[in-house]
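One letter stands for each residue in the lines below.
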Amino acid sequence: MSQVEETQPLISHLMELRNRLLRCVLCILAVFCALVYFSNDIYHLIATPLLEAMPKGSTMIATNVAAPFFTPIKLTGITAIFLSVPFLLYQIWAFVAPALYQHEKRLVYPLLISSTLLFYLGVAFAYYVVFPLVFSFLTSTTPEGVAMATDISNYLDFVLTLFLAFGICFEVPVAIILLCWSGVTTPEDLKAKRPYIIVSAFVIGMLLTPPDVFSQTLLAVPMCLLFEVGVICARFYRPKDEDEPKSAGEN
């Protein structure tokens, strides 16, 4: 009888997980269906920074016969996931929240919101600041007699890589808060290691961006500033072993 009682909660958790995943998939599909008609417009929006930097009369090309159709569709699918992130995070939160203590909820909830906003901010920074400078630099270095004609599929892979790199790197404050809260490090230790972290930021910028000093600096400098923000915010989060004791009934 005890085995049956233990099995029932497991089944209910699996059913809850299935329902949450189904809602996530339906949300992405709904957003995708709403955007698919505008697939070409979405791709043109993403390609605008390069098109504006290319020499007059230059155009992008498609080296694969199916690329003009599938590349905008692929971008639309990724855009649907990107726009669905708040709903997806809410579903994750709704699934795990019942298992968290009250002090853990107070930590996780603002981190979910801030991490989402920081990721969006990183993507926006890449599009509006980094892309115009990077593409202007790359087009200006094209050798004489060479026509610049970028393949649309390769361009999409390139910009998605940069979007992901900047989005993740803008999560530095969240990572610092979690490290300090878990007791791995402290704000004081991080401040003492500031010179090494600054050098590491420029190394990361060199590895994740095109080989030009402008894009490397544009990634490294925000990371350094966000590091300082994370150190300041981490002071308000005590290590988890110093959190308030569990309330009655929490074993």
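As the structure is a prediction and not an experimental result, all values here were calculated from the model.

## What about helix H5 (residues 152-169)?
Reasoning step 1: A rise of 1.5 Å per residue sets the reference length of H5, with its 18 residues, at 26 Å; its end C-alpha atoms lie 26 Å apart and thus fit the reference within 8%.
Reasoning step 2: Regarding H5, the residues found buried are Ile152, Tyr155, Leu156, Val159, Leu162, Phe163, Ala165, Phe166, Gly167 and Cys169.
Reasoning step 3: Between the side-chain oxygen of the N-cap and the backbone nitrogen of Ser153 there are 3.1 Å, and the N-cap of H5 in question is Asp151.

## Description of the side chain of Thr71
Reasoning step 1: For Thr71, the location among the structural elements is in helix H3 (residues 67-96).
Reasoning step 2: A relative accessible area of 5% places Thr71 in the buried class.
Reasoning step 3: When neighbours within four sequence positions are excluded, Thr71 is seen to be in contact with Tyr43, Ile152, Ser153 and Leu156.

## Notes on the UniProt feature "transmembrane region" (unreviewed entry) in the protein
Reasoning step 1: UniProt's entry tags residues 21-39, 75-96, 117-138, 158-184, 196-213 and 219-237 with the feature "transmembrane region" (unreviewed entry), counted in the numbering of this structure.
Reasoning step 2: With 100% helix and 0% strand, residues 117-138 has end C-alpha atoms that lie 30 Å from one another.

## Re the packing of aromatic side chains
Reasoning step 1: All chains considered together, the criterion is met by 13 aromatic pairs.
Reasoning step 2: Centroid distance Phe125 to Phe170: 5.7 Å. Interplanar angle 40°. Geometry classified as tilted. Here Phe170 lies in the loop between H5 and helix H6 (172-181) and Phe125 lies in helix H4 (residues 102-140), a separation of 45 residues in the sequence.
Reasoning step 3: Ring pairs connect the aromatic residues Tyr43, Tyr127, Tyr128, Phe131, Phe135, Tyr155, Phe158 and Phe163, which therefore count as one cluster.

Calculation notes
- Residues numbered from 1 in each chain as written.
- Predicted model: local features only at pLDDT ≥ 70, side-chain atom pairs only at ≥ 80, totals over all residues.
- Heavy atoms only, no water.
- Helix = DSSP H or I, 4+ residues; strand = E, 2+ residues; numbered from the N terminus.
- Expected span 1.5 Å × (residues − 1).
- Buried < 20%, exposed > 50% of the residue type's maximum accessible area, 1.4 Å probe, protein only.
- Polar contact = N/O pair within 3.5 Å; in protein donor to acceptor, adjacent residues only side chain to side chain.
- Contact = heavy atoms within 4.5 Å.
- UniProt positions renumbered as here; feature names shortened; annotations may be inferred.
- Phe/Tyr/Trp six-rings, centres within 6.5 Å; stacked < 30°, edge-to-face > 60°.

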